Amino acid sequence: MTAHVIEEYGDPGVFTETEQPVPDPAPGEIRVEVVASSVNPVDYKIRAGHIDPFAPDFPATLGCDISGVVDVVGEGVERFEAGDEVYGMPGGAGRQGALADYVVGHAGTFADAPESIPLADAAALPVVALTAWEMLTDKSDVGLGDDVLVYGASGGVGHIGVQIARWLGANVVATGSTAEKRDLALDLGADAAIDYTETDPGAYVAEHTDGAGFDTVFDPIGDDHLATAFEAVRPFGSVVTTESSAAEDLSLAPMHQQSLELGVVLVILPVLLGEGQERVGDELEDIATLVDDGAVAPHIDRRFSFSDVDEAHELAESGEFVGKILLVNE
Ligand SMILES: NC(=O)c1ccc[n+]([C@@H]2O[C@H](COP(=O)([O-])OP(=O)(O)OC[C@H]3O[C@@H](n4cnc5c(N)ncnc54)[C@H](OP(=O)(O)O)[C@@H]3O)[C@@H](O)[C@H]2O)c1
């Protein structure tokens, strides 16, 4: 089979196309013929060598997101059969990923793909939708009428966060650095959008919560940006994030002074640990229902073939896109 791999860390040009044997599924695993993947920051952070412990063995096949068709079912797998259309997050960190003709992964990291969108488009969802879902339903408890501030609302995680927060009944205020990004957030259901480059937290807390602070702040920027999230949340409120390991200048004193809750998601952890991987598939089942009910849809900005993965990574790292960048196995 063809696989797009990295044999060392480097810039986007480091990808090479190789021929590899088709892998066989171990007990509990399935083999999936890959239709599509999508770019997530974790992919380019691994490629650049920034998160060495997450890299698959070299030559490393990256790509955490996958959609495709079940090809072979390993011993003991009852949930799927050959021919099923699935989406999932079986590897790309910790073990080999999706940028190949076939991938094998633990059956628990897959679910039936949503039926209402093309199978390729489903590959835009797993990492970002699982992350937003866990931020809003596991690490916080967003409910009807809550004021939720979504930073990065046009990005991968944020654009799904806006839709799930709205589905949960929240009043959603979104941020974006350009008019196009703010318009996307409004189209996806945000009640208001802020240009955070021109407005400070005191001003948008005053305008959108009468100075009280947001019940939940959804912060997929994280690290030192958490200081800004702490300024925007109300006393006893929740801040949920995806990033906290590179904070250099962050004081937790505001958490104490305001009696805050902080929730940190690491969505790939079951795959890295090789434990509890059914959680991934179970949550993807719920997410597929949201998609088929019309509550959540991925916004796909650009599509690239696997052989143009270098261009896709360049665009992702530039930040000059909205929603998701899809990679199609053509
Ligand atoms: N821990 C986990 O499980 C997990 C899972 C998924 C993602 N992540 C991490 O979460 C982060 C976001 O992922 P993603 O897929 O959403 O990335 P993305 O698609 O590149 O989107 C990032 C967004 O952040 C916004 N942004 C950047 N700097 C900002 C700032 N200072 N203030 C407000 N907004 C800012 C950008 O829009 P503007 O132009 O509006 O600034 C952009 O919309 C990445 O670091 C990724 O590695 C972690």
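Residues numbered from 1 in each chain as written. Predicted model: local features only at pLDDT ≥ 70, side-chain atom pairs only at ≥ 80, totals over all residues. Heavy atoms only, no water.

Per an unreviewed UniProt entry, the chain carries the name NADPH2:quinone reductase and comes from Halolamina salifodinae. The chain has a UniProt comment under Subunit (unreviewed entry) that states "Homotetramer." Regarding the chain, the relevant UniProt record gives this comment under Subcellular location (unreviewed entry): "Cytoplasm". (UniProt positions renumbered as here; feature names shortened; annotations may be inferred.)

Visitor: Is there a simple way to explain the packing of aromatic side chains in this structure?
Guide: What characterises a pair of aromatic rings is the spacing of the ring centres plus the angle enclosed by the ring planes. For the structure on display, the rule yields 3 aromatic pairs. Measuring from ring centre to ring centre gives 5.2 Å for Tyr 9 and Phe 58, while their planes differ by 70°; the resulting arrangement is edge-to-face. Linking Tyr 9 in the loop between strand S1 (2-6) and strand S2 (15-19) with Phe 58 in the loop between helix H1 (41-47) and strand S4 (60-61), this pair joins segments that are 49 residues apart in sequence. On the basis of relative accessibility, which here comes to 38%, the residue Phe 58 falls in the partly exposed class. Geometrically, the ring pair formed by Trp 133 and Trp 167 is tilted, given 6.2 Å between the ring centres and 40° between the ring planes. Of the two residues, Trp 133 is situated in helix H2 (residues 126-137) and Trp 167 in helix H3 (residues 156-167); the sequence distance between them amounts to 34 residues. For Trp 133, a relative accessible area of 12% puts it in the buried group. Taking the relative accessible area as the measure of exposure, Trp 167 reaches 44% and is therefore partly exposed. (Phe/Tyr/Trp six-rings, centres within 6.5 Å; stacked < 30°, edge-to-face > 60°. Helix = DSSP H or I, 4+ residues; strand = E, 2+ residues; numbered from the N terminus. Buried < 20%, exposed > 50% of the residue type's maximum accessible area, 1.4 Å probe, protein only.)

Visitor: Would you mind showing me how to read the environment of Pro 254 here?
Guide: Within the secondary structure, Pro 254 is located in helix H7 (residues 253-258). The spatial distance from the C-alpha of Pro 254 to the C-alpha of Val 34 is 46 Å, given a sequence separation of 220 residues. Apart from residues lying up to four places away in sequence, Pro 254 is in contact with Phe 230, Ser 259 and Leu 260. (Contact = heavy atoms within 4.5 Å.)

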